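# A structural walkthrough
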Amino acid sequence: MKKIIFKTLSVVLFSIVLFSCTSRTPKDLLKESIIPKPVSVVATNSSFVLSETTAIYYQSSSEELKDIGNYLAEIFNPSTGYNIQVQSTDQSPGKGNIYLELSEQADMNDEGYTINITEDLLTISGKPEGIFRGVQTLRQLLPAKIEDKSIQEGPWEIATGTITDKPSYGYRGAMLDVARHFFTVDEVKRYIDLLAIYKLNTLHLHLSDDQGWRIEIKSWPNLTTYGGSTEVGGESGGFYTQDQYKELVSYAQGRFITIIPEIDMPGHTNAALASYAELNCDGKARELYTETEVGFSTLCTDKEITYQFIDDVVRELAEITPGPYIHIGGDESHVTPLEDYIPFVNRVQEIVVKHGKKVLGWDEIALSTLVQDAVVQYWAKAENAQKGVEQGAKVLISPAIKTYLDMQYDSTTKWGLHWAAYIEVDDAYNWDPAELAPGVVKENILGVESPMWSETLTNIKEVEYMAFPRILCNAEVAWTEKPDRNWDEFKIRLGKQCARFDALNINYFPSTKVPWH
Ligand code: NGO
């Protein structure tokens, strides 16, 4: 009897050992909830395991890939408790490793990537930018606790198969208004980190407005020392030194995000008009302003000093901005007569071009004669977007009724405004960039941007609450082709993101439209 029990036990034990050594828990790649939704997913129903011995190998000695490898290891190490190494290699690495491989597939754009996952190896291939986007997909293939900053229990299994992906639009952005309320360098870095997860590639910083001037301009120092000294509500404001701005630019570059600086003009300029009397037509400096009306200020469009001022500002900004665009604002200049506004915008565009940059501006700039490569940011008027297209310009899609993240979710939302609409999470998803304005079709569209205006938002946690989860909706609208988008299916994937939001400590709006898991 004893012998039989012993025999049976040994068989059971043996099979447990055998089972755990040779077979993997089957996992289905098709069941993973990736946002934005990739172009194609093929599942092979096994798993790759991230273990203590996993290393991240990158092809040749590409510095860009090395940085991506380190970025990935910095995500994995705190939660797994491993000390994942990042190493260069010339050949495909051995079992159990991750491989970042350079490749140039003909039908891929710079952000396209392929992830091939077998039981033995996980390979992400593409150009460096594409590999970085692929890394974001990889994060979402692991349990949400991979995002935790303290050691969590594994196993760290990833379903096997192949994901092939590329974006629908090449510009997928967010805007942050640091003028109405100032946000510190660390707060902006936090926002950049969160945008990167959902494959956004542009951060537009609204650096000046009536309530504050936030970027150091060495030739006009009062702009920041005086014009940046306050914010909405009268608290002390703040500004970025040029070194801090450069730090932000390079931090964003490390996440393949381009920063676009905006200096709003000729309206929205009270902070400048308060800092320098000579910029006013009557030669008198304005008072600092800490309330939230719009459309009352204007630079003096027929004084030569105004253009000297703009030239200096654009020159200094262009020197510290590697990205292609300078945003010149141009919105809501209600006290600038149109006959002054048009030649003003024409002249400012020339200044931007002279300093080697391309022009971006709110949709009103289409009333002027646009320079080559100018981009019109459609926020309010479809007819302005159409005027832009008629002049050969591209349109950046940011309609207030769909993409403004400062619009309240509903009438109970604590922060935000609702002058354009209440935007529930499904409203932020159920639309298409190419169907908003007649005559503005996909070929005319540069991409999509979600602006966050900060009249009512005082810190990054409040910004997060307004952005999450809607920024994921906008991210998918911009990344995923329309036939692959469907709210009923998206909301399930979105619902599963909440564990990830929690692990990342994201303050989000728990909309009842979403089945949160
Ligand atoms: C408008 C206005 C901003 C406000 C924002 C608030 C544009 C382009 N100009 O959008 O000054 O802050 O609405 O939602």
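Residues numbered from 1 in each chain as written. Predicted model: local features only at pLDDT ≥ 70, side-chain atom pairs only at ≥ 80, totals over all residues. Heavy atoms only, no water.

## Concerning helix α10 (residues 382-390)
Of the residues making up α10, those classed as buried are Asn384, Ala385, Gly388 and Val389. The buried side chains of α10 occupy one side of the element, clustering within an arc of 145° when seen end-on. Lining the buried residues of α10 we find β15 (375-378) and β16 (394-397). One or two positions beyond α10, positive phi appears at Gly392, with a value near 90°. (Buried < 20%, exposed > 50% of the residue type's maximum accessible area, 1.4 Å probe, protein only. Helix = DSSP H or I, 4+ residues; strand = E, 2+ residues; numbered from the N terminus. Arc of directions from axis to C-beta. Contact = heavy atoms within 4.5 Å.)

## Digging into the domain arrangement of the protein chain
Per the domain assignment, the segments of the protein chain are domain 1 (24-165) and domain 2 (171-503). Each partner contributes residues to the interface: domain 1 has 26 residues there, and domain 2 has 25 residues. Contact with domain 2 buries surface across domain 1, with Ile35, Pro36 and Lys37 losing the most and accounting together for 30% of the total. Seen at the junction of domain 1 and domain 2, the total is three salt bridges. A salt bridge links Lys37 to Glu489; the nearest nitrogen and oxygen atoms lie 3.7 Å apart. Taken together, the links from domain 1 to domain 2 amount to 13 residue pairs in polar contact (both at pLDDT 80 or more). Those elements giving two or more residues to the side of domain 1 that touches domain 2 turn out to be α2 (63-80) and α3 (128-141). Top element by residues in the side of domain 1 that touches domain 2 is α3. It accounts for eight residues. A class-by-class count of the residues in the side of domain 1 that touches domain 2 yields twelve nonpolar, four polar and ten charged. (Domains from an automatic or database assignment. Buried area = accessible area lost by both parts, 1.4 Å probe. Salt bridge = Lys/Arg side-chain N within 4 Å of Asp/Glu carboxyl O. Polar contact = N/O pair within 3.5 Å; in protein donor to acceptor, adjacent residues only side chain to side chain. Nonpolar A, V, L, I, M, F, W, Y, C, P; charged D, E, K, R; others polar.)

## Here we look at the state of the cysteines
For the structure on display, the rule yields one disulfide. For Cys473, which is in no disulfide, the shortest distance to another cysteine sulfur is to Cys498 and amounts to 14 Å. With relative accessibility at 0%, the residue Cys473 sits in the buried group. You can call Cys498 buried: its relative accessible area is 6%. (Disulfide = S-S within 2.5 Å.)

## Structural notes on unusual backbone geometry
Residue Pro36 is reached from Ile35 by a cis peptide bond, and omega for that bond is -5°. Mapped onto the elements, Pro36 comes out in the loop between α1 (2-22) and β1 (40-50). In this structure, the amide linkage connecting Met265 to the following residue, Pro266, adopts the cis form with an omega of 0°. Of note, Pro266 is situated in the loop between β12 (258-265) and α7 (270-275). Backbone geometry places Asn45, a non-glycine residue, at a positive phi of 55°. By the secondary structure assignment, Asn45 is in strand β1. Residues other than glycine seldom take positive phi values, yet Glu332 does so here, at roughly 45°. As for its placement among the helices and strands, Glu332 is situated in the loop between β13 (325-329) and α9 (338-354). For Glu332, a relative accessible area of 16% gives the class buried.

## Quick word on the pattern of salt bridges
The tally for this structure, following the rule as stated, stands at 28 salt bridges. Arg500 is the partner of Glu147 in a salt bridge, and the nearest nitrogen-oxygen pair spans 3.9 Å. Of this pair, Glu147 sits in the loop between α3 and β7 (156-165) while Arg500 is found in helix α16 (residues 498-503), placing the two residues 353 residues apart along the sequence. The class of Glu147 is buried, set by a relative accessible area of 3%. For Arg500, a relative accessible area of 7% puts it in the buried group. Across the pair Arg190 and Glu464 runs a salt bridge, and its minimum N-O distance is 2.8 Å. Here Glu464 lies in helix α13 (residues 460-467) and Arg190 lies in helix α4 (residues 185-197), a separation of 274 residues in the sequence. Judged by relative accessible area, which is 0%, Glu464 ranks as buried. Among the charged side chains, a salt-bridge network with shared partners connects Lys37, Glu476, Glu489 and Arg493.

## Some remarks on the site of the ligand
If you check the shell around the ligand, you find 14 residues, and the closest are Arg180, Asp331, Tyr404, Asp406 and Glu455. Separating a nitrogen atom of the ligand from a side-chain N or O atom of Glu332 is a distance of 3.2 Å. For the ligand, an oxygen atom lies 2.8 Å from a polar atom in the side chain of Trp419. Across the complex, the protein chains shield 97% of the 350 Å² of accessible surface that the ligand would expose by itself. For the shell around the ligand, a count of residues per class yields eight nonpolar, one polar and five charged. (Near = heavy atom within 4 Å. Areas by Shrake-Rupley, 256 points an atom, 1.4 Å probe, with all protein chains shown as cover.)

## Overview of the sheet that holds strand β4 (residues 97-102)
Taken in spatial order, the seven strands make up an open sheet running β1-β7-β5-β6-β4-β2-β3, and their pairing is mixed. Two strands in the sheet have a free side with no partner beyond their single neighbour: β1 and β3 (85-89). Ignoring strand direction, the axes of neighbouring strands in this sheet form an average angle of 25°. As defined by bridge partners, strand β2 (residues 55-59) adjoins β4 across three bridges and the pair is classed as parallel. Note on β4: the bridge partner recorded for Tyr58 is Leu100. (Pairing = 2+ DSSP bridges. Axes fitted to C-alpha atoms, helices over the stretch in contact; angles between N-to-C directions.)

## A closer look at the sheet that holds strand β9 (residues 202-206)
Taken together, the eight strands give a closed barrel; going around it, the order is β8-β9-β12-β13-β14-β15-β16-β17, and neighbouring strands pair in parallel fashion. Each strand of the sheet is rotated relative to its neighbour by a mean of 30°, with strand direction disregarded. In terms of strand pairing, strand β8 (residues 171-177) meets strand β17 (residues 445-452) through six bridges, oriented parallel. In the sheet register, Tyr171 faces β17, and the bridge partner there is Gly447.

## Brief notes about the packing of aromatic side chains
Within the structure shown, the criterion is met by 25 aromatic pairs. For the ring pair Phe501 and Tyr508, a centre distance of 5.0 Å and an interplane angle of 55° mean the geometry is tilted. Look at Tyr508 and you get buried, because its relative accessible area is 15%. Just above the ring of Trp479 sits the side chain of Lys199; from NZ or CZ to the centre is 5.5 Å. Sitting over the ring of Tyr307, Arg347 keeps its end group 3.9 Å from the ring centre. (Phe/Tyr/Trp six-rings, centres within 6.5 Å; stacked < 30°, edge-to-face > 60°. Lys NZ or Arg CZ within 6 Å of the ring centre and 35° of its normal.)

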